[in-house]
4 protein chains.
Amino acid sequence: MKLDSFNEIVSKYKVVFFDSYGVLKNHQGLIPGIHDTIDHLRQHHIDFYLLTNDASRSPAELAQVYIDGGVYITPDKVISSGMIALEYLRYKVSWGTVAYLGTQKSSHYVAQVGLKTISISDVNDDNMNQISALVLLDDEGFDWNVDINKAINLLRKRNIPVVVANTDFTYPVSKNDVALAIGGIGEMLERIIRKRFIHFGKPDTQMFHFAFDHVQKTNPVSKNDILMVGDTLNIDILGANKFGIDTALVLTGNTQPNRAEILIETMGIVPDYICESVVG
Amino acid sequence: MKLDSFNEIVSKYKVVFFDSYGVLKNHQGLIPGIHDTIDHLRQHHIDFYLLTNDASRSPAELAQVYIDGGVYITPDKVISSGMIALEYLRYKVSWGTVAYLGTQKSSHYVAQVGLKTISISDVNDDNMNQISALVLLDDEGFDWNVDINKAINLLRKRNIPVVVANTDFTYPVSKNDVALAIGGIGEMLERIIRKRFIHFGKPDTQMFHFAFDHVQKTNPVSKNDILMVGDTLNIDILGANKFGIDTALVLTGNTQPNRAEILIETMGIVPDYICESVVG
Amino acid sequence: MKLDSFNEIVSKYKVVFFDSYGVLKNHQGLIPGIHDTIDHLRQHHIDFYLLTNDASRSPAELAQVYIDGGVYITPDKVISSGMIALEYLRYKVSWGTVAYLGTQKSSHYVAQVGLKTISISDVNDDNMNQISALVLLDDEGFDWNVDINKAINLLRKRNIPVVVANTDFTYPVSKNDVALAIGGIGEMLERIIRKRFIHFGKPDTQMFHFAFDHVQKTNPVSKNDILMVGDTLNIDILGANKFGIDTALVLTGNTQPNRAEILIETMGIVPDYICESVVG
Amino acid sequence: MKLDSFNEIVSKYKVVFFDSYGVLKNHQGLIPGIHDTIDHLRQHHIDFYLLTNDASRSPAELAQVYIDGGVYITPDKVISSGMIALEYLRYKVSWGTVAYLGTQKSSHYVAQVGLKTISISDVNDDNMNQISALVLLDDEGFDWNVDINKAINLLRKRNIPVVVANTDFTYPVSKNDVALAIGGIGEMLERIIRKRFIHFGKPDTQMFHFAFDHVQKTNPVSKNDILMVGDTLNIDILGANKFGIDTALVLTGNTQPNRAEILIETMGIVPDYICESVVG
């Protein structure tokens, strides 16, 4: 397996889309050496954006983690799956109250559109008829034993759209452990309810379209000018390949160095480049 | 849709396999008139058994519900999916401690084989290497927010067999509401872990084989002599059709009278008879 | 079920996206009365486009069917899934020869990008290493008994992208009969090969994005100004809902009038309007 | 990865179930040295059976391949998935004509039950109402381009049981090439028709039950006395583990020596033993 130098390959592009976790940061914080990479990008006038499957925090909160680590990123450089879900709500949900699974903080995505929100915990027989949609935002903020059943029964009684604002099944919580993400709960609910939910997040190309359109406003580039950098073949690389931009796999997250080749072969998802990390 | 009289059709058989919930009982207790049906069976010397997807209670406990309602059933007439799981453990797990998701009571199925058991809540880094299997028994008895993640991380670290002792996704808790069954949690875990779990329960034919072999011991009959009665096309009817015995769908549970025909057509699962209920 | 008048609801929009088969035409030709609908749209200055899952014919050929029936449509009003696949090839396949399943005519989509093409029938051990991608275009033009096996073995030996340029499983060939579409063959190959193929066509939102961007060039409108009209819930309506435009289901194609309500309820895919047809 | 000697481990058992292809033979014929293994079994009075996913040939024809190679096997030692399908037809299909996909020879499985048979090629509007079931037996004997569509339209018009008598997706035809098996075609049809087909063959435990019951007639043994030997984790090993008998994986077929460990880890299907081959 031939490894490429990130700094070398990135110089061919005008814009970089970075996945966040496993690429720029991990469970210990920002990846060591990341400041050099950011400097390299800025010196070469290469614009960069974060594309993250996350609906639990706002772009400002997501940017703050980087700022706290000494990497200055403005919120307008962050594209989250929550923002794509918000777009859907803006155009397709025009009445009623939106029920959510997640923390109260995560519900700000919904509130931003001007819709009333209610935690799944507070849904009951009296207000059930006012619910116009169910949005899955975060795995925290509710009692799984009680509220997952509440969601199931709500969906058996009301034929409303269900938005899953993060397609990831799990997320890392330490070096060795993961936790179930809201996308995993969404997957289970969808199979039990047997209705079609509406999923937002990579590998779906909608998030890449959104990011691409967003870039155009300030920096008109072609698809050829953009590189997607990710640590997960069937999330970052699959989606960006399909969208038609170049792709670089890094080995600092989900894809372990000794398994990269076999996974590429087994899944049939081929990145244009493989780099040990975004540093160097 | 032509409806058959249960008492008429059952007279052609020597043995009846009944699904329990939605057939003989519902959320309010035993189905009204059920005593007449049982009398009819006994008068005609038709032997009957319960085949139930349940691993939370022992055959004796399952039988007691009927005895309490005035229908005398001995535990040896009850075949539960927990018993099939127990058979697997008996032959294939010979060492270590079996971790379980469920109540302590449900773990008696495992203990019966002579294996040590430990609730998923008590699994930790120190005892993890002693775990030889994980068994999913009941949706109660553990904290979903904490212990589902514990199960996920156990299975990422240890390549042990996972037994799902009940394939149902939900079960009814009142006239209008259902609750997530352990089979639904198992389905989600299997998709997240991407390993093959071992599922026991209808529609798998293994439970019908077990019941058939069990019947032979006291009452040697042929497959032609047995009728399976169930309320769910893709559980009871599918499995019994495949096993090669006759099938009767009743409309007192999961399959609503006004949707039976369209479901039979859509799913392609055709019962030999359709009866309004097991009464009359 | 409340039915809406198409002429009435369409007046609220500036642009209409029509699915073709089952909406504007059927196995007998253009739907009777369609000329009045087109006149109505033109009188009200409502722009319209065809969005069709078809990679077997060029936009010009697809438009010609309408012109022959007396409805004048220019090729630039036709968006086919073949065009989206072509975009992918343009950006992501830069070398070699593209193998295809389909008629020679359908391969023009690939040739348009400047890539060499070869029918799967002509692939052999000598030229196999020159194949840079496999594209599934049409169910005709090859011998299924021989060439499906050829495709399977090509994909076992070469880790190349596979593009499925039409996601439909079947297409109608007469009042009562359907035929397997190339999307159905693609689905089977993907399950056998166990690699991720790249699918283009509704309900994927990429086709709606493409159409939306295409409209902007001549007619800058917002998502609120567009109505998608389709006959299939899980293709046209699902995709357009997710993309964030309004949707109207018509009952002249895949969705039979007496089954519309139950399908909407069962699938959980809800159109904004239901019209008997696009006429009236 | 610790490798076991087949001759050593097999001595602990009274009965061996062998998968055929990839275990006892390959594309070149019987595996070299197989006669010694058979001698070893006979000297130690270890009974053996073939369990094969094959519905294209009768047990007698399947046995003949071994006899021609100098290994004497009587047809009663061969259990094929076609025999399990035959059992289903015997008990559940009592009228009409059974349509089949396969060679005329393969239809003998159906004829044996006393049912009339008709090749899918000969089904037409006139005789369609007499068809009581569709059976998928072999990938040869019909024109895929024409007859797969015929099968699709038959199943859209008639709600009849569909029996897939071999669950394999592909089978090897030479050192490097495979061909689509009838199980792969069945998988595709099932997804397109969206009805539940009835599948027979490993890893389903029904075939193990059938073999176990068959053994009992002449040689009463317990599950502990039986070893299943196979080359495919998710077919042979998965099914036999679930049935509750011991399992040995051999590396002469589908599972390559350098990938065995990673596949066991990834799939979570763990054999009791791993042997290089059944020889030695």
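On a predicted model such as this, the values are computed, not experimentally measured, just so you know.

**Structural notes on the sheet that holds strand β14 (residues 246-250) of chain C**
Residues and elements named next belong to chain C. Here six strands make up an open sheet; going across it, the order is β5-β4-β1-β13-β14-β15 and the pairing parallel. In this open sheet, the two strands that pair with only one neighbour each are β5 (78-80) and β15 (273-275). Taken pair by pair, the neighbouring strands of this sheet meet at an average axis angle of 25°, ignoring direction. In this sheet, β15 lies alongside β14 in parallel orientation, the contact comprising three bridges.

**Describing helix α9 (residues 233-243) of chain C**
Residue and element names in this part refer to chain C. Among the eleven residues of α9, eleven are classified as buried, and the element is accordingly described as predominantly covered. Where α9 is concerned, the buried positions are Leu 233, Asn 234, Ile 235, Asp 236, Ile 237, Leu 238, Gly 239, Ala 240, Asn 241, Lys 242 and Phe 243. Among the residues trailing α9, Gly 244 stands out with phi positive, at a value near 100°.

**Points about the relation of the copies chain C and chain A**
Aligned on chain A, chain C shows an RMSD of 0.0 Å; the corresponding rotation is 180° and the shift along the axis is 0.0 Å. Here the transformation between the copies is reduced to the relation of a two-fold axis. The C-alpha atom lying nearest the rotation axis in chain C is that of C:Gln206; the distance is 3.4 Å. Comparing interface residues between copies, 100% of those in chain C also sit at the interface in chain A, which points to an isologous, same-surface contact.

**Let's talk about the packing of helix α8 (residues 206-218) of chain B against helix α9 (residues 233-243) of chain B**
For any two helices packed against each other, one specifies the crossing angle of their axes together with the interaxial distance. Residues and elements named next belong to chain B. Across the interface, α8 lies against α9 with an axial gap of 9 Å and an inter-helix angle of 60°. In the packing of α8 onto α9, the handedness of the crossing is right-handed. Judged by residue contacts, Phe 208, His 209 and Phe 212 of α8 engage Asp 236, Gly 239, Ala 240 and Phe 243 from α9. Across the contact of α8 with α9, the residue classes break down as four nonpolar, two polar and one charged.

**As for unusual backbone geometry**
All names here are of chain A. For the bond running from Lys 202 to Pro 203, omega is 10°, close enough to zero to count as cis. On the secondary structure map, Pro 203 appears in the loop between β12 (198-199) and α8 (206-218). Here His 45, not a glycine, exhibits a phi torsion of approximately 55°, which is positive. You can see His 45 is positioned in the loop between α2 (34-43) and β4 (47-52).

**Re the packing of aromatic side chains**
The tally for this structure, following the rule as stated, stands at 27 aromatic pairs over all chains. Arranged with centres 6.0 Å apart and planes meeting at 40°, the rings of B:Phe6 and B:Phe18 form a pair that is tilted. In this pair, B:Phe6 is assigned in helix α1 (residues 6-10) and B:Phe18 in strand β1 (residues 15-18), connecting sequence segments twelve residues apart. By the burial criterion, B:Phe6 is buried, and B:Phe18 matches it. Arranged with centres 6.2 Å apart and planes meeting at 90°, the rings of C:Phe17 and C:Tyr49 form a pair that is edge-to-face. Of this pair, C:Phe17 sits in strand β1 (residues 15-18) while C:Tyr49 sits in strand β4 (residues 47-52), and the two are 32 residues apart along the sequence. The exposure class of C:Tyr49 is buried, given its relative accessible area of 2%. Through pairs of rings, three or more aromatic residues link up here, namely A:Phe6, A:Phe18 and A:Phe48. Lying over the aromatic face of D:Phe243, D:Lys223 brings its terminal NZ or CZ to 4.3 Å of the ring centre.

**Examining the packing of helix α6 (residues 144-157) of chain C against helix α6 (residues 144-157) of chain D**
As a packed pair, α6(C) and α6(D) sit with axes 8 Å apart at the nearest point and diverge in direction by 95°. Relative to α6(D), the element α6(C) is oriented roughly perpendicular. Together, C:Trp144, C:Asn145, C:Ile148 and C:Asn149 of α6(C) and D:Trp144, D:Asn145, D:Ile148 and D:Asn149 of α6(D) make up the contact between the two elements. Among the residues making up the contact of α6(C) with α6(D), the classes are represented as four nonpolar, four polar and no charged.

**What to know about the pattern of salt bridges**
The final tally for this structure, using the stated rule, is 56 salt bridges over all chains. In this structure, C:Asp272 engages A:Lys92 in a salt bridge whose closest nitrogen and oxygen atoms are separated by 2.7 Å. You can see C:Asp272 sitting in the loop between α10 (260-267) and β15 and its partner A:Lys92 sitting in helix α4 (residues 81-92), one on each of two chains. Judged by relative accessible area, which is 37%, C:Asp272 ranks as partly exposed. Residue classification places A:Lys92 among the buried residues on the basis of a relative accessible area of 14%. Residues D:Asp204 and B:Lys242 are paired through a salt bridge, measuring 2.5 Å at the closest nitrogen-oxygen approach. One end of the pair, D:Asp204, is in the loop between β12 (198-199) and α8 (206-218); the other, B:Lys242, is in helix α9, on a second chain. Overall, B:Lys242 belongs to the buried group, its relative accessible area being 13%. Linked through salt bridges whose partners overlap, the residues forming this network are A:Asp19, A:Lys202 and A:Asp236.

**A closer look at the pairing of strand β14 (residues 246-250) of chain A**
Residues and elements named next belong to chain A. When you tally the buried positions in β14, you get five out of five residues, the bulk of the element. Side chains of β14 alternate between two faces, with Asp 246, Ala 248 and Val 250 and Thr 247 and Leu 249 buried alike. Across four bridges, the pairing between strand β13 (residues 226-230) and β14 is parallel. When the sheet's bridge partners are listed, Leu 227 is paired in β14 with Asp 246. A crossover connection joins β13 to the parallel β14 through helix α9 (residues 233-243); in handedness this β-α-β unit is right-handed. A crossover links β14 with its parallel partner strand β15 (residues 273-275), the connecting element being helix α10 (residues 260-267), and its sense is right-handed.

Rules used in this analysis
- Residues numbered from 1 in each chain as written.
- Chains lettered and ligands numbered in written order.
- Predicted model: local features only at pLDDT ≥ 70, side-chain atom pairs only at ≥ 80, totals over all residues.
- Heavy atoms only, no water.
- Pairing = 2+ DSSP bridges.
- Helix = DSSP H or I, 4+ residues; strand = E, 2+ residues; numbered from the N terminus.
- Axes fitted to C-alpha atoms, helices over the stretch in contact; angles between N-to-C directions.
- Buried < 20%, exposed > 50% of the residue type's maximum accessible area, 1.4 Å probe, protein only.
- Least-squares fit on C-alpha atoms with pLDDT ≥ 70 in both.
- Contact = heavy atoms within 4.5 Å.
- Left-handed = near helix turned anticlockwise from the far one by under 90°.
- Nonpolar A, V, L, I, M, F, W, Y, C, P; charged D, E, K, R; others polar.
- Phe/Tyr/Trp six-rings, centres within 6.5 Å; stacked < 30°, edge-to-face > 60°.
- Lys NZ or Arg CZ within 6 Å of the ring centre and 35° of its normal.
- Parallel < 35°, antiparallel > 145°, perpendicular 65-115°, else oblique.
- Salt bridge = Lys/Arg side-chain N within 4 Å of Asp/Glu carboxyl O.
- Right-handed = clockwise from strand over helix to strand, strands pointing away.

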